[in-house]
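# Summary of the model geometry
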Amino acid sequence: MSEWHRSACILCESNCGIEIKIGGEDGRTFERIRGDKAHPGSKGYTCEKALRLDHYQNSRDRITSPLRRRPDGTFEEVDWDTAIGEIAARLTDIRDDHGGDKIFYFGGGGQGNHLPGIYASATRRALGIRYRSNALAQEKTGEIWVNSVMFGNYVRGDFEHCETAVFIGKNPWQSHGIPEARRTLKAIAADPDRKMIVIDPRLTKTAELADIHLRPRPGTDAYLLAAMAAILIEENLVDHDFIAGHTTGWLELIPHLAGVDVEEMLQGSGVAEAEAREATRVIAGSESVAVFEDLGVQMNRHSTLSSFLEKLIWVLTGNFAKSGAQNIPTALIPLTATGLAKREMRTPVAGERIISGLVPAATITEEILTDHPDRYRAMLIESANPAHSMPDSASWRQALDQLDLVVVVDIAMTETARHADYVLPTSTQYEKAEATTFTFEFPDNVFYLRPPVLDPPDGVLAEPEIHARLLEAMGLLDGDAIGSLNESLNESGEEFGMNFLSMVNSSPDFAGMSPVALYRTLGRKMPQGMESAAVLWGAAHRLAMSNPGAVQKAGHDDGEKLFEAILSGPVVFTSEEASASWGRVRTQDGNINLLVPEMLDELAALIEAGAPQPDPDYPLALSAGERRSFTANTIFRDPEWRKKDAEGALRVSPGDAGRLGLRDGQLGLVTTKAGKVEVVVEVSETMLDGHISLPNGHGVDYPDGDGDRRLTGTSTNELTSIEDRDDFAGTPWHKSVPARLEPVTVE
Ligand SMILES: Nc1nc2c(c(=O)[nH]1)N[C@H]1C(S)=C(S)[C@@H](COP(=O)(O)OP(=O)(O)OC[C@H]3O[C@@H](n4cnc5c(=O)[nH]c(N)nc54)[C@H](O)[C@@H]3O)O[C@H]1N2
Ligand SMILES: Nc1nc2c(c(=O)[nH]1)N[C@H]1C(S)=C(S)[C@@H](COP(=O)(O)OP(=O)(O)OC[C@H]3O[C@@H](n4cnc5c(=O)[nH]c(N)nc54)[C@H](O)[C@@H]3O)O[C@H]1N2
Ligand code: SF4
Ligand SMILES: [Mo]
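None of these values were measured; they are calculated from a predicted model. (Residues numbered from 1 in each chain as written. Chains lettered and ligands numbered in written order. Predicted model: local features only at pLDDT ≥ 70, side-chain atom pairs only at ≥ 80, totals over all residues. Heavy atoms only, no water.)

### Observations concerning the overall build of the protein chain
Here is the rule: Helix and strand definitions here come from DSSP, where helices need a minimum of 4 consecutive H or I residues and strands a minimum of 2 consecutive E residues; each element is numbered from the N-terminal end. Whether a residue is buried, partly exposed or exposed follows from its accessible area with a 1.4 Å probe, protein chains only, as a fraction of its type maximum: under 20%, in between, or over 50%, in that order. Residue contacts follow a heavy-atom distance rule, with two residues in contact if any of their heavy atoms lie within 4.5 Å.
For the protein chain, the helix and strand inventory stands at 25 helices and 30 strands. Seen along its three principal axes, the alpha-carbon backbone of the protein chain occupies a region of about 70 × 70 × 60 Å. Looking at the protein chain as a whole, 62% of its 747 residues qualify as buried. Contacts in the protein chain between residues at least 24 apart in sequence constitute 74% of all its contacts with a sequence separation of at least 6.

Shown next, in the form of structure tokens:
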């Protein structure tokens, strides 16, 4: 019998609410999927990808037994006690011999699951793990740093209500990331009183809807944005009242921007001056402007500087803390560490800047492939596939093989898992309660704890159970504390709450371990499959204490009521006025800080360097990893999920194709410093001359019906290099990899 179940899509940060009809012979097939109209965030919206989620749930690559590597590199199945016992012993030895800080933690969650990382924080704390990273450290860390310095917090644009929407290196028609993306874009395009500005070298689906489309040459946004900031000053388009009332550093900033030669900067980006001036005037003349910068600038040259300039443009025009502009949403659990660290942390070998607690993704393998005494010795990888997703896959394979111990927690046998010593199989995101911290809605912010829709198969464990067992096996979970908490839980919820709070307050060690402690106590009282929700009890109480007004305005009297609401389905957890954002600006004086010396130095260096010069060996800029209709990182492994673009074509402009003698559908050879691949060429009017592009998420292998593994498409990180990265944040330049292209001649 088929039944509908409520859940959410796990393919991008929008996490749209869905309903899944489960049926099939085994009662485990996702037969149909539709948008959940009752979800307060997505209101029934989905894109075409959600309908394919059966390829995630019922993948042939699923693992259902712990695996241990044999000396010959093959894997054997072992039982959980053996796996946990051996891993615990080896982690303990590595900690004793080299220090817990030589054990590296990577991952913690993907697009749909952030609870593993929260439970893992207990394991990190218990083992003394100091260095960690995840996908954010190859895209968002530059922006996070700028946000911390300017606002002391994380900001997001309100596209639903803005007069003007600006997308910089962001293609929400395909990548989403704003609520009900396509509906929102179409509404802006259809309204003559609203405007859309897109900055992208490519004529994307989003750009087709735009009023103004600026097409910088790949990797040159900093030049364009510097020119736009300078135009604001030159034409006196800034909001003087806002600047005087809410910012610090304006007078000192002026000479830095007044010194920018608009014409020269625009030559650096290839954008016509009239277009850049028009876009700047539209921004300055709008009642409200929402801005989204994404991978096109964040995985590119001068990315941190571009983030700074982007934010200057909307701050100087007064677009903060109001409807339709930038705001600071509340968080049940913050996705990033906001506010500035008291002391700047650096990585142990390369001395790179650590932002938001994350080691730059591009530096990790350098700090393993060395004989430096402080190199990382072991890695715990959870819900991530760095050997495919991080820059320079070859260096990852080598680094993983060199480590003393690699443990991977995943649902599938991934490119990364193949280099592990132990692979621990976990339940899918539809077999356990899951949630994300991608809660950026404003002013009504939504959290969704999805209950499981299927039972897990025998042989897998959810991540909180894995962490709890590991800590117990290492003797690092305080049994007396757990016993005392369980006793008070038998008394009453209130008793438990008081006991828990006093333990957290009196012992930092216990506080660090508290997610697993909650799981081992409160988790046991939760309905089956909901145990991993335990940690949200603490989060709900914390938020209700720190922001009672917004929680109550959303209809929850206190932390306990909020937790109950979270257990019942998708919920608006805070509701507030736009001006509330001011209360969350955490700079020293509560004003927005305009003067960021590190970025002004980078701006001076950019001006000094002049327009970028093409490399004759690699005359093209390759965007390695464009979002298309049928890409979803490596969440789907089965290539059958794609209805089109099965091989992931390389897009080339008609001009370049003509010059290179390439026809549509022909094979081309792409060469970069790091490697060469043969690809199918798609001649596309959407491309700017000099710019070529490959999709993300391709190039994974998958067993066919006979169990033979077949590789489909190009794995872009076979073509990327770790040294091509932002000087400041260490984020890679994936969107403008120097490349050349030639036809493949068939003998
Ligand atoms: N379909 C689909 N959607 C996804 C994902 C997916 O895998 N597939 N992944 C999700 C994830 S993890 C993320 S982080 C987001 C990313 O979402 P986006 O950042 O929107 O995705 P991309 O297509 O990688 O890059 C955006 C745009 O940058 C442009 N670009 C390239 N070079 C430059 C440049 O030099 N300057 C400018 N201004 N633009 C440039 C590209 O042409 C592209 O249109 O998408 C999410 N949504
Ligand atoms: N060249 C290039 N590289 C890129 C990009 C690009 O544009 N160009 N984009 C980058 C971006 S923006 C991102 S976000 C990263 C993403 O890269 P990663 O963070 O590595 O994420 P995914 O590819 O989504 O892999 C997620 C893993 O989680 C596993 N998984 C799924 N469900 C569960 C679960 O419930 N528990 C556990 N433990 N595991 C689970 C999946 O099987 C998969 O192995 O890729 C990046 N890599
Ligand atoms: S926008 Fe599409 S991929 Fe993203 S969560 Fe919604 S349905 Fe899934
Ligand atoms: Mo991402």
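### Digging into the pattern of salt bridges
As a working rule, side chains carrying opposite charge can pair if their charged atoms are close by. Using the following cut-off: Within this document, salt bridges are pairs made up of a side-chain nitrogen of Lys or Arg and a carboxyl oxygen of Asp or Glu, the two lying within 4 Å of each other.
Taken as a whole and assessed by the stated rule, the structure comprises 49 salt bridges. Salt-bridge contacts for glutamate 576 lead to arginine 584; the nearest nitrogen and oxygen are separated by 2.3 Å. Taken together, the salt bridges that share partners define one network made up of Asp61, Glu415, Arg418, Arg637, Asp701 and Arg709.

### Quick word on the site of ligand 2
Here is the rule we go by: Any residue with a heavy atom positioned within 4 Å of a molecule or strand is treated as near that molecule or strand. In protein, a polar contact requires one atom able to donate a hydrogen and another able to accept it; more generally it is a pair of N or O atoms within 3.5 Å, and residues adjacent in sequence count only if both atoms are side-chain atoms. Each accessible area is a Shrake-Rupley estimate made with a 1.4 Å probe; only the visible protein chains count as cover when residues are assessed. The nonpolar class holds Ala, Val, Leu, Ile, Met, Phe, Trp, Tyr, Cys and Pro. Asp, Glu, Lys and Arg form the charged class, and all remaining residues, Gly among them, are polar.
Surveying the vicinity of ligand 2 reveals 31 residues, the closest of which are Ser389, Asp410, Glu463, Ala624 and Thr634. The backbone of serine 389 places a nitrogen or oxygen atom 2.6 Å from a nitrogen atom of ligand 2. Compared with its free state, where it exposes 920 Å², ligand 2 has 95% of that area covered by protein. Among the elements of the structure, strand 18 (405-410) and strand 23 (620-626) are those that each provide at least two residues to the shell around ligand 2. The residue makeup of the shell around ligand 2, split by class, is 9 nonpolar, 16 polar and 6 charged.

### A closer look at the site of ligand 1
Rule in force here: All domain edges in this entry derive from an automatic or database-based domain assignment.
Around ligand 1, the structure places 31 residues, and the nearest of them are Asp200, Gly219, Asp221, Thr631 and Lys735. The backbone of glycine 169 places a nitrogen or oxygen atom 3.4 Å from a nitrogen atom of ligand 1. Between an oxygen atom of ligand 1 and a side-chain N or O atom of asparagine 300, the distance comes to 3.0 Å. Considering ligand 1 on its own, with 910 Å² of exposed area, one finds that the protein chains cover 97% of that surface. The biggest single contributor to the shell around ligand 1 is strand 23, with 3 residues. Looking at the shell around ligand 1 residue by residue, the class counts come to 6 nonpolar, 14 polar and 11 charged. When residues are assigned to domains, the shell around ligand 1 turns out to be shared by domain 3 (141-331 + 589-604) and domain 4 (614-743), each giving three or more.

### Brief notes about the sheet that holds strand 9 (residues 164-168)
The strands that make up a sheet are held in pairs by hydrogen bonds between backbone atoms, and each pair lies either parallel or antiparallel. To be explicit about the condition: One bridge is not enough; two strands pair if DSSP finds at least two bridges between them. Angles shown run from 0 to 180 degrees and are taken between the N-to-C directions of axes, each axis being a line fitted to C-alpha atoms and, for helices, limited to the stretch in contact.
Strand order across the open sheet formed by 4 strands is 11-10-9-13, with parallel pairing between neighbours. Looking at the sheet topology across the chains shown, the edges are occupied by strand 11 (212-214) and strand 13 (289-293). Sheet twist, expressed as the mean angle between neighbouring strand axes with direction ignored, is 10 degrees. Bridge count between strand 9 and strand 13: 5 bridges; the pairing is parallel. Following the sheet pairing, phenylalanine 167 is matched in strand 13 by phenylalanine 292. Where helix 8 (residues 221-234) meets the sheet, its contacts fall on strand 9, strand 10 (195-199) and strand 11, and the angle it forms with strand 10 comes to roughly 140 degrees.

### What about the domain arrangement of the protein chain?
Put simply, the rule reads: Accessible area, probed at 1.4 Å, shrinks when two parts are joined; the buried area is that loss added up over both.
Splitting the protein chain by domain gives domain 1 (3-57), domain 2 (67-129 + 377-436 + 444-575), domain 3 (141-331 + 589-604) and domain 4 (614-743). Counting the surface domain 1 buries against domain 4, the share from its top three residues, Leu11, Arg52 and His55, is 60%. At the junction of domain 1 with domain 4, the criterion picks out 0 salt bridges. Put simply, domain 1 and domain 4 have 2 residue pairs in polar contact (both at pLDDT 80 or more) between them. Across the side of domain 1 that touches domain 4, the residue classes tally to 4 nonpolar, 1 polar and 3 charged.

### Things to note about the sheet that holds strand 3 (residues 29-35)
Strand order in this open sheet of 3 strands is 1-2-3, and the pairing throughout is antiparallel. Every interior strand has two partners, whereas the edge strands, strand 1 (3-8) and strand 3, have only one. On average, adjacent strands in this sheet sit at an angle of 30 degrees to one another, irrespective of strand direction. Of the strand pairs in this sheet, strand 1 and strand 2 (residues 17-23) are connected by 6 bridges, and their pairing is antiparallel. What sits directly across from glutamate 3, in strand 2, is isoleucine 22.

### A closer look at helix 3 (residues 115-127)
Put simply, the rule reads: Multiplying 1.5 Å by the helix residue count minus one yields the expected span of that helix.
In this model helix 3 runs 19 Å from its N-terminal to its C-terminal C-alpha over 13 residues, within 8% of the 18 Å that 1.5 Å per residue would give. For helix 3, the full list of buried residues reads Leu115, Pro116, Gly117, Ile118, Tyr119, Ala120, Ala122, Thr123, Arg124, Ala126 and Leu127. Phi turns positive, to about 75 degrees, at glycine 128, one or two residues after helix 3.

### A word on the side chain of asparagine 717
The residue asparagine 717 is located in the loop between strand 29 (709-712) and strand 30 (737-743) in this model. Residue classification places asparagine 717 among the buried residues on the basis of a relative accessible area of 4%. In terms of polar contacts, asparagine 717 uses its side chain to reach the side chain of histidine 734, at 3.5 Å. The residues contacting asparagine 717, other than those within four sequence positions of it, are His388, Ser389, Met390, Pro391, Asp392, Ser393 and His734.

### Let's talk about the packing of aromatic side chains
Applicable threshold: Any two of the Phe, Tyr and Trp rings considered here, Trp counted by its six-membered ring, make a pair once their centres fall within 6.5 Å; the pair's planes then place it as stacked at under 30 degrees, edge-to-face at over 60, or tilted in between. Criterion for a charge above a ring: Arg CZ or Lys NZ at most 6 Å from the ring centre, at most 35 degrees from the ring normal.
Under the counting rule described, the total for this entry stands at 23 aromatic pairs. Ring centres of phenylalanine 242 and tryptophan 582 lie 6.0 Å apart, and the angle between their planes is 40 degrees; on these two criteria the pair is classed as tilted. On the criterion of sequence distance, the pair formed by phenylalanine 242 in helix 9 (residues 240-246) and tryptophan 582 in the loop between strand 21 (571-575) and strand 22 (592-593) is long-range, its members being 340 residues apart. The class of phenylalanine 242 is buried, set by a relative accessible area of 9%. Accessibility expressed as a relative area gives 22% for tryptophan 582, which makes it partly exposed. Ring centres 6.5 Å apart and planes at 20 degrees place the aromatic pair tryptophan 314 and phenylalanine 320 in the stacked group. Neither tryptophan 314 nor phenylalanine 320 differs from the other in exposure class; each is buried. Site record: aromatic cluster; members linked through ring pairs are Phe151, Phe242, Trp314, Phe320 and Trp582. Just above the ring of tryptophan 4 sits the side chain of arginine 34; from NZ or CZ to the centre is 3.7 Å. For the cation-ring pair, arginine 353 lies above phenylalanine 728, with the distance from its terminal atom to the ring centre recorded as 3.6 Å.

### Let's talk about the environment of isoleucine 254
As for its placement among the helices and strands, isoleucine 254 is situated in helix 10 (residues 250-258). Put simply, isoleucine 254 and leucine 606 are 352 residues apart on the chain and 17 Å apart in space, counted from C-alpha to C-alpha.

### Description of the pairing of strand 9
Within strand 9, 5 of the 5 residues are buried, leaving the element largely enclosed by the surrounding structure. As judged from the 5 bridges shared by strand 9 and strand 10, these two strands associate in the parallel manner. Counterpart to phenylalanine 167 in the pairing with strand 10 is valine 198.

### Thoughts on the nonpolar core
To be explicit about the condition: Definition used in this section: a nonpolar core is a set of buried Ala, Val, Leu, Ile, Met, Phe, Trp, Tyr and Cys residues joined via side-chain atoms within 4.5 Å.
Ranked by size, the top nonpolar core spans 70 residues in total, and within it Phe447, Leu449, Leu536 and Ile566 carry the most contacts. Among the elements that line this core, the one with the most residues is helix 21 (residues 534-546), at 8 residues. Once you skip the residues sitting within four places of it in the chain, phenylalanine 447 turns out to touch Leu332, Ala435, Thr436, Thr439, Leu536, Ile566, Gly569, Pro570, Val571 and Phe573. Grouped together as the second largest cluster of nonpolar side chains are 68 residues, Met150, Ala226, Met265 and Leu316 included.

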